[in-house]
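Residues per chain are reported as follows:
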Amino acid sequence: MKNKYDVVIVGAGPAGLSCAETLANNGKSILVLEKNNKIGHKICAGGLTVKIEEESIVFLKNADNVFYSMKLHFSKACRKLDRNNLVTATIDREELGKIMLKKVLKGGVEVKTETEVKEINENSIIVNGQEIKFDYLVGADGSNSTVRRYLGVKTKKMLVTLQYVIPQKIQNFKEMEYFFNSKILNGYFWIFPHKNFTAVGVAYYPKNVQQNTCVKKCFEKWLEKYKIKIGGLKLKSFPISFDYRDYQFGNKFLIGDAGGFASGATGEGIYFAMVSGKEVAKKIIDPQYDCSEILKILKIKRKQEYFFEKIGFLNNIIPNLGFNILSFFLNYKWFKKIFIKIFI
Ligand SMILES: Cc1cc2nc3c(=O)[nH]c(=O)nc-3n(C[C@H](O)[C@H](O)[C@H](O)COP(=O)(O)OP(=O)(O)OC[C@H]3O[C@@H](n4cnc5c(N)ncnc54)[C@H](O)[C@@H]3O)c2cc1C
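Residues numbered from 1 in each chain as written. Predicted model: local features only at pLDDT ≥ 70, side-chain atom pairs only at ≥ 80, totals over all residues.

1. Examining the packing of helix α6 (residues 270-285) against helix α7 (residues 292-317)
Applicable threshold: In this analysis an axis means a line fitted to C-alpha atoms, helices contributing only their contacting stretch, and an angle means the value between N-to-C directions, from 0 to 180 degrees. Each helix corresponds to a stretch of at least 4 residues labelled H or I by DSSP, and each strand to a stretch of at least 2 residues labelled E; elements are numbered beginning at the N terminus. Each angle receives one of four descriptions, namely roughly parallel if under 35 degrees, roughly antiparallel if over 145, roughly perpendicular if within 65 to 115, and oblique otherwise. Each helix crossing is assigned a hand: it is left-handed if the near helix lies turned anticlockwise from the far helix by less than a right angle, otherwise right-handed if that turn is clockwise. A residue pair is marked as a contact if its C-beta atoms, positioned from the backbone, fall within 7 Å. Three categories are distinguished: nonpolar for Ala, Val, Leu, Ile, Met, Phe, Trp, Tyr, Cys and Pro, charged for Asp, Glu, Lys and Arg, and polar for the others, with Gly belonging to the last.
In the contact formed by α6 and α7, the axes pass within 9 Å of each other and the chain directions differ by 155°. On the basis of the axis angle, α6 is roughly antiparallel to α7. Note on packing geometry: the crossing formed by α6 with α7 is left-handed. Where α6 abuts α7, its residues Phe272, Val275, Ser276 and Glu279 lie against Glu293, Ile294, Ile297 and Lys301. Per-class residue counts for the contact of α6 with α7 are four nonpolar, one polar and three charged.

2. Here we look at the site of the ligand
What counts is decided by this rule: Note on definitions: a residue is near a molecule or strand provided its C-beta atom, placed from the backbone, lies within 6 Å of it. Domain extents, as shown, originate in an automatic or database domain assignment.
Near the ligand lie 39 residues; those nearest to it are Gly11, Gly13, Gly142, Gly256 and Gly269. Contributing elements (two or more residues each) for the shell around the ligand: α1 (14-24), β12 (158-167), β16 (236-241) and α6. When grouped by side-chain class, the residues that make up the shell around the ligand number 18 nonpolar, 14 polar and seven charged. No fewer than three residues from each of domain 1 (4-66 + 90-156 + 241-304) and domain 2 (158-239 + 314-343) sit in the shell around the ligand.

3. Some remarks on the pairing of β12
To keep it simple, the criterion reads: Buried, partly exposed and exposed are defined by the number of other C-beta atoms within 10 Å of a residue's own C-beta, namely 20 or more, between the two limits, and 12 or fewer respectively, with C-beta atoms placed from the backbone. Paired strands, as defined in this entry, are two strands with at least two bridges between them according to DSSP.
Burial analysis of β12 places eight of its ten residues in the buried class, which makes it a mostly covered element. Bridge analysis of β12 against β16 gives six bridges, and the strand direction is antiparallel. Its bridge partner being in β16, Met158 is matched across the sheet by Ser241. Relative to strand β15 (residues 197-204), β12 runs antiparallel, the two being bridged by eight bridges. Within β15, the position partnered with Val165 by the bridge is Ala199.

4. Observations concerning the sheet that holds strand β13 (residues 177-181)
One open sheet accounts for seven strands, arranged β6-β5-β13-β14-β15-β12-β16; its pairing is mixed. Only two strands of the sheet have a single partner each, and these edge strands are β6 (78-81) and β16. Ignoring strand direction, the axes of neighbouring strands in this sheet form an average angle of 20°. By the bridge criterion, six bridges tie strand β14 (residues 185-193) to β15 in an arrangement that is antiparallel. Among the inter-strand pairings, Phe189 is bridged to a residue of β15, identified as Val202.

5. A look at the nonpolar core
Rules: We define the nonpolar core as any set of buried residues of the types Ala, Val, Leu, Ile, Met, Phe, Trp, Tyr and Cys, connected via C-beta atoms lying within 7 Å of each other.
Grouped together as the largest cluster of nonpolar side chains are 91 residues, with contacts concentrated most on Val8, Val138 and Ile255. Per-element tally for this core: the top contributor is α6, with nine residues. Filtering out sequence-adjacent residues up to four positions away, Val138 remains in contact with Val7, Ile9, Val10, Gly16, Cys19, Phe253, Ile255 and Val280.

6. With respect to the packing of α7 against helix α8 (residues 321-329)
Remark: α7 packs on α8, axes separated minimally by 6 Å, with the N-to-C direction vectors making an angle of 125°. As far as their axial angle goes, α8 and α7 are oblique. Where α7 approaches α8, its residues Lys310, Ile311, Gly312, Phe313, Leu314, Asn315 and Ile317 are matched on the opposing element by Leu321, Gly322, Phe323, Ile325 and Leu326.

In structure tokens form, the structure reads like this:
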């Protein structure tokens, strides 16, 4: 590692690597620091929506599975989203990491793994006793961001998630499915099949759930209901921050989950991380750049969050009231079209 870089990026997730790739194409000296020994070692269901393809950031050909329909299960009905242009996919996060890392290294970016950033100063960081100066620092270090903490940016809005990764040899799943039943939990459950495994999980916003609720028990109840076998598998948990406040703080930036860019409704964050990473790179290259794509993703994210906030609120008045209303309207083609436009 040199003693000075134009840009130091903390975190080699989709946000950090997208940012590095865009900067590399513009001749900046860039250092990416990653605390894990592997890129893409991340608790995630790996679901991608068609927005990714529109951005041409990730090609769906790299996906584990591509789905042309999705099932939404409610307590009394199942709605299938299957319009022609509905395309979702799952990708292995380690595979995604490999693809992105290859592009970044090709651009001449220096990537250092097993290097955790703990100490940040105004214009330098200290790692392994070495001081590294920067013109710009980018916090791409996820939902528990050290850079965000250094900047004093509060984080109040987080989704809590629990997830099992079920190897195909234990149980095989074919369809991408969501499950909504606030009598079990005022959140949602998912089944996202990959090539060799399936991600099965639950996400909820603590504000919507009574304090004494044991979410692990709710998850077990749901797993039992759908006869999903998890014997001996390790339950993993990680938060998803969706508390966006701002992305620029002088010569420091927050992108991806560190910036609270993920959707607080669906937990989708890969796309938002990539777009925010690219946009901040453009801003560093040209300080006059207006980051119009960030405004667009914030609009999508806020629409989704508003929608689900109302549903969560109604579910708390009468269990499943919000979900039943959603299920009712999903019977109509015009509503399905709007729903797909907002969420997929
Ligand atoms: C259970 C679960 C399921 C999810 N499912 C989906 C899904 O299906 N689709 C979807 O789009 N999104 C999903 N998400 C959200 C998605 O994983 C994130 O939004 C996305 O990974 C954000 O990318 P990022 O680059 O901002 O952060 P991350 O992917 O979290 O990357 C941050 C990186 O920074 C590193 N790091 C952290 N601190 C430091 C430090 N101090 N020094 C150096 N390195 C550091 C970490 O090791 C990590 O590699 C899910 C999340 C969870 C928890």
